[in-house]
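Examining the three-dimensional arrangement
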Amino acid sequence: VQLQAFGGGLVQAGGYLRLSCAAFGRTSSRFIMAWFRQAPGKEREFVGAVVWSGGRQYYAESLKGRFTISRDGAKNTVYLQMNSLEPEDTAVYYCAADPNVILGRIRYPGEYDYWGQGTQVTVSS
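Given the structure is predicted, the values throughout are model-derived calculations rather than measurements.

Reading the values: rules and limits
- Residues numbered from 1 in each chain as written.
- Predicted model: local features only at pLDDT ≥ 70, side-chain atom pairs only at ≥ 80, totals over all residues.
- Heavy atoms only, no water.
- Disulfide = S-S within 2.5 Å.
- Helix = DSSP H or I, 4+ residues; strand = E, 2+ residues; numbered from the N terminus.
- Buried < 20%, exposed > 50% of the residue type's maximum accessible area, 1.4 Å probe, protein only.
- Salt bridge = Lys/Arg side-chain N within 4 Å of Asp/Glu carboxyl O.
- Pairing = 2+ DSSP bridges.
- Axes fitted to C-alpha atoms, helices over the stretch in contact; angles between N-to-C directions.

Here we come to the state of the cysteines. As used in these notes, a disulfide is a covalent bond between sulfur atoms, one from each of two cysteines. All told, the structure shown has one disulfide when counted by the stated rule. The disulfide bridge from Cys21 ends at Cys95, spanning 2.1 Å between sulfur atoms. What sets the handedness of the Cys21 and Cys95 disulfide is the S-S torsion sign, and at about 70° it is right-handed. Of this pair, Cys21 sits in strand β3 (residues 17-24) while Cys95 is found in strand β9 (residues 91-98), placing the two residues 74 residues apart along the sequence. Cys95 sits in the buried class, given a relative accessible area of 1%.

Written out as structure tokens, the structure reads:
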């Protein structure tokens, strides 16, 4: 499975971006697809995830209400809509996927075997 993330860029505080993550190869309805982010000097942080089958979503508590994950089954693509962006949201955003993640562990990057290349999001103040 290969993941390709794109859609990052430079945006002013208060603005919005939509990231996309396209999955190629032997995908599965069992997949959980997640977004993480990593700011310079910080650990990789869970943003949110969606269970491919059924579409249930999970979010980092601090991002609820601003970030929304959705999926398009026909395109094998997951989206991350980010609204009301803040300078603190500046980071490299990664998508990840795995068919064997236990729901209680979805926030841990080590649980995912498949990763996209990352896309830079920069929010200016």
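Let's shift gears to the pattern of salt bridges. Tallied over the full model, the rule gives six salt bridges. Lys64 serves as the salt-bridge partner of Glu61, at 3.3 Å between the closest nitrogen and oxygen. Residue Lys64 is classed as partly exposed on the basis of its relative accessible area of 46%. With a closest N to O distance of 2.8 Å, Asp89 and Arg66 form a salt bridge. One end of the pair, Asp89, is in the loop between β8 (77-82) and β9; the other, Arg66, is in the loop between β6 (57-59) and β7 (67-72), and 23 residues separate them in sequence. Residue class for Asp89 comes out buried when judged on its relative accessible area of 1%. Look at Arg66 and you get buried, because its relative accessible area is 14%. Where salt bridges share partners, they join Arg37, Glu45, Arg66, Glu86 and Asp89 into one cluster.

A word on the sheet that holds β7. What the four strands build is an open sheet, ordered β1-β3-β8-β7; its pairing is antiparallel. A single partner strand is all that each edge strand has here, and the edge strands are β1 (2-6) and β7. Pairs of neighbouring strands in the sheet enclose a mean axial angle of 15°, with direction left out of account. The sheet contact formed by β3 and β8 spans six bridges and is antiparallel. Bridge pairing in β8 places Arg18 opposite Gln81.

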